[in-house]
Amino acid sequence: MSTTLLLARHGQSVWHTENRYAGVSDIPLTETGRAQAEALGRWVEARPVAAVWTSPLSRAVETAEPVCRALGLAAHRDAGLRECDFGVAEGRTLAEFAAEEPERAAAYRVDPVAHPFPAAEDPRAAAARGAEALQRITGAHPGARVLVVAHNSLLRLALCALLSIPLREYRRVFPALRNGAVSELVMDGGTAGLLTLNVPCA
């Protein structure tokens, strides 16, 4: 029995306007981000889900609130859905990091899994916990449609793990999940299939 996961990246946050790594820092949504959350709420209301799951970070929780309001649901929070910890890059852009650490930045661009930012979470561990969270959610809602609101890097890594794509390619294969957009993943008997990517809700 297949379960459909609607994977949404949270709305735009303050740091994302400057392309800064937010990671585990709890950064609030912008006005644009809140508008994206409202658009997601209207989009999902027209395509109802049985449950809503979110990262515990406030930008994801706030993005899910309009959906919960519209459908009368309470969001489940799962720590496995939190964003990757980017270590010394938290709050910085890649260009800023490269200006100080050009060799490390170059290695990261070539293979972000083998050469993560200093003090960052191991991307392989992040991919495993993200994939496990999505599998856990699937097991809790067999045959249902479920909204999952999480984060750009965590979801891209988890998608690679579930779709048997080499993790080192996550930034190339999935350049970005757009804020407030939805990607549709079908989970069935331990296998996963990606039906849509970055569907706009506005």
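Read on for a plain summary of the structure. Since the structure is predicted, the reported quantities are computational estimates derived from the model, not experimental observations.

## Re the nonpolar core
Ranked by internal contacts, the top residues of the largest apolar core, which has 39 residues, are Leu 5, Leu 134 and Val 148. For this core, the secondary structure elements donating two or more residues are strand 1 (3–9), strand 2 (51–54), helix 3 (94–100), helix 4 (102–110), helix 5 (123–140), strand 4 (145–150), helix 6 (152–163) and strand 5 (182–188). For this core, the element with the most residues is helix 6, which contributes seven residues. Apart from the residues within four sequence positions on either side, Leu 5 is in contact with Leu 134, Ile 137, Thr 138, Val 146, Val 148, Ser 183, Glu 184, Leu 185 and Met 187. Core analysis: the next-biggest nonpolar cluster, separate from the first, contains 15 residues, Val 44, Val 52, Cys 68 and Cys 201 among them.

## So, the sheet that holds strand 1
Taken together, the six strands give an open sheet; going across it, the order is 3-2-4-1-5-6, and neighbouring strands pair in mixed fashion. Single-partner strands in this sheet number two, and they are strand 3 (76–77) and strand 6 (191–199). One ladder, built from two bridges, connects strand 2 with strand 3; its direction is parallel. Bridge pairing in strand 3 links Trp 53 to His 76. With respect to the sheet, helix 1 (residues 31–45) is in contact with strand 1, strand 4, strand 5 and strand 6, its orientation differing from that of strand 4 by roughly 170 degrees. Helix-sheet contacts for helix 6 involve strand 1, strand 4, strand 5 and strand 6, and the interaxial angle to strand 6 is about 145 degrees.

## With respect to the packing of helix 5 against helix 6
Their axes nearest at 8 Å, the elements helix 5 and helix 6 cross at an angle of 75 degrees. In terms of their interaxial angle, helix 5 and helix 6 are classed as roughly perpendicular. Between helix 5 and helix 6, the residues in contact are Pro 123, Ala 126, Ala 127, Arg 129, Gly 130, Ala 131, Leu 134 and Gln 135 and Leu 154, Leu 157, Ala 158, Ala 161 and Leu 162, respectively. The residue inventory of the contact of helix 5 with helix 6, partitioned by class, reads ten nonpolar, two polar and one charged.

## Points about the packing of aromatic side chains
Within the structure shown, the criterion is met by five aromatic pairs. Ring geometry for Tyr 21 versus Phe 117: centroids 5.1 Å apart, planes at 70 degrees, classification edge-to-face. Highlighted residues: Tyr 21 in the loop between strand 1 and helix 1 and Phe 117 in the loop between helix 4 and helix 5, separated in sequence by 96 residues. As far as the burial class goes, Tyr 21 and Phe 117 line up, both buried. Aromatic rings pair up to connect Tyr 21, Phe 86, Phe 97, Tyr 108 and Phe 117 into one cluster.

## With respect to helix 6
Spacing of three or four residues puts side chains on the same side of an α-helix, whose turn is 3.6 residues. Helix length check: helix 6, at twelve residues, gives a terminal C-alpha distance of 16 Å against a target of 16 Å (1.5 Å per residue), a fit within 8%. Of all twelve residues that make up helix 6, ten are buried, and the element is covered over most of its length. Looking at the buried residues of helix 6, the elements they touch are strand 1, helix 5, strand 4, helix 7 (170–173), strand 5 and strand 6. Looking one or two residues beyond helix 6, the residue adopting positive phi is Ser 164, at roughly 60 degrees.

## Brief notes about the layout of surface pockets
Size it by volume and the largest pocket reaches roughly 390 Å³. In this structure, the largest pocket is lined by 21 residues; those nearest its centre are Arg 9, Asn 19, Tyr 21, Asn 152 and Arg 156. Looking at the lining of the largest pocket, the elements that each hand over two or more residues are helix 6 and helix 7. At three residues, helix 6 tops the list of elements feeding residues into the lining of the largest pocket. Of the residues in the lining of the largest pocket, the class split is eight nonpolar, seven polar and six charged.

Rules and cut-offs
Residues numbered from 1 in each chain as written. Predicted model: local features only at pLDDT ≥ 70, side-chain atom pairs only at ≥ 80, totals over all residues. Heavy atoms only, no water. Core = buried A, V, L, I, M, F, W, Y, C linked by side-chain atoms within 4.5 Å. Buried < 20%, exposed > 50% of the residue type's maximum accessible area, 1.4 Å probe, protein only. Helix = DSSP H or I, 4+ residues; strand = E, 2+ residues; numbered from the N terminus. Contact = heavy atoms within 4.5 Å. Pairing = 2+ DSSP bridges. Axes fitted to C-alpha atoms, helices over the stretch in contact; angles between N-to-C directions. Parallel < 35°, antiparallel > 145°, perpendicular 65-115°, else oblique. Nonpolar A, V, L, I, M, F, W, Y, C, P; charged D, E, K, R; others polar. Phe/Tyr/Trp six-rings, centres within 6.5 Å; stacked < 30°, edge-to-face > 60°. Expected span 1.5 Å × (residues − 1). 1 Å grid on protein atoms, 1.4 Å probe; cavity = no way out; pocket = protein on both sides within 12 Å on 5 of 7 lines; lining within 4 Å. Points joined across faces, edges and corners; volume = space filled by probe spheres on them.

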